[in-house]
Amino acid sequence: MEDRLVDAENIVKSMDEDINLKRVEELIKDNRISFNHKDKEYRVRLLNLSEKEELDLLRRRKFGQLMKDKDIFLEKDLITQYKERGINIDELDDQIKKINAEELDLQIKLGESISKNENETILQTYKDQIIELRTHKQVINSQKTLLLEFSMENSLLNYVAQIITYLSLEEEVEGKWQRMFKSLEAFQIYEDSELINKAGSYSMLLQYI
Amino acid sequence: MNIYSLLRELAKSVRAQNLFVAAKEVNGVYLFHNKVDFSKLQEIYLSQLYNYDSINRDIVLDNISKHVTDNEIYTDAYLIYKRKSIKKTIKDNKKSDVNLVVGKKISFPTKKV
């Protein structure tokens, strides 16, 4: 399962390259996304009410398991542990807050210049400053994400994303759509991780987690 | 270009904006096949359609810079500024309403018989 998560980023990158305006139009035409994988048609769709209940049940069950697991820490406990080792995540948060405030200030100035129809050179200067701040913020955010990668909250989010994929992935069999996995176990041992990652990325475009 | 940027590109296109206006004004014109249960992508697209619709009106009516739709940074900055200005206007109006209530006696014109 971990390997699937490691590969997910690469899949999303390659998907971004494959997607163009025409494909985007297709993605939004309804609340389902069909795609082809190894010459077979698949689709993901929004969960129905009973599937949402199943998701909720599995999420709560996983939460209970994670709470009992002594090797997994809550984000706040992880932050305390890092602090003892000299890594201060609160400082990273403060830096992000400061950058956000600076960015907002620049955005308001830029917005005002646009509304006053000012010279494009002025707009460009603000834009460059905003890009610089965002690049800096991205570096700090990546640092923070890496440090908190193994937090309980993150594990639970990844698990929920997997369950949504498990519940929403359908395959076309003799012209009819049917759920691809009859059980969570079958999903977890499924070998084609490329298909699972593709379906996972698409299902995340359909619903919020 | 990532999918969310492409979604914005689509939302600001003339074709999408025309369809959006038609869907608002003409009965029986729909943007999506589904009429309920919108996906996350559809919700984001809808909000971008509204954003670009309001910006296009501001370009014509308020004479704001046409560069506003050149890139996402300009568009977002303008929308943030606009929201902030609207909030400020509402706040100022509320203040003046209170003064009006507490303040002077208002004489209404009387009808001559």
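Here goes a summary of the coordinates provided. Treat the numbers as computed from the prediction; the structure is a model and nothing was measured.

1. Topic: the sheet that holds strand β1 (residues 32-37) of chain A
Residue and element names in this part refer to chain A. Pairing is antiparallel in the open sheet, where four strands are placed in the order β1-β2-β3-β4. At either end of the open sheet lies a strand with only one pairing partner, and these are β1 and β4 (176-179). Averaged over all pairs of adjacent strands, the angle between their axes in this sheet comes to 35°, without regard to strand direction. Across six bridges, the pairing between β1 and strand β2 (residues 40-45) is antiparallel. Across the sheet, His37 pairs through a bridge with Lys40, a residue of β2. Together, β1, β2 and β3 (169-173) form the strand contacts of helix α9 (residues 193-206), whose direction differs from that of β1 by roughly 160°.

2. A short note on the packing of helix α7 (residues 152-168) of chain A against α9 of chain A
Residues and elements named next belong to chain A. Orientation of α7 relative to α9, taken along the N-to-C sense of each, is 100°, at an axis distance of 9 Å. In terms of their interaxial angle, α7 and α9 are classed as roughly perpendicular. For the pair α7 and α9, the contacting residues are Ala161, Ile164, Thr165 and Ser168 in the first and Ile196, Ala199, Gly200, Ser203 and Met204 in the second. In the contact of α7 with α9, the residues fall into five nonpolar, four polar and no charged.

Cut-off values and rules
Residues numbered from 1 in each chain as written. Chains lettered and ligands numbered in written order. Predicted model: local features only at pLDDT ≥ 70, side-chain atom pairs only at ≥ 80, totals over all residues. Pairing = 2+ DSSP bridges. Helix = DSSP H or I, 4+ residues; strand = E, 2+ residues; numbered from the N terminus. Axes fitted to C-alpha atoms, helices over the stretch in contact; angles between N-to-C directions. Contact = placed C-beta atoms within 7 Å. Parallel < 35°, antiparallel > 145°, perpendicular 65-115°, else oblique. Nonpolar A, V, L, I, M, F, W, Y, C, P; charged D, E, K, R; others polar.

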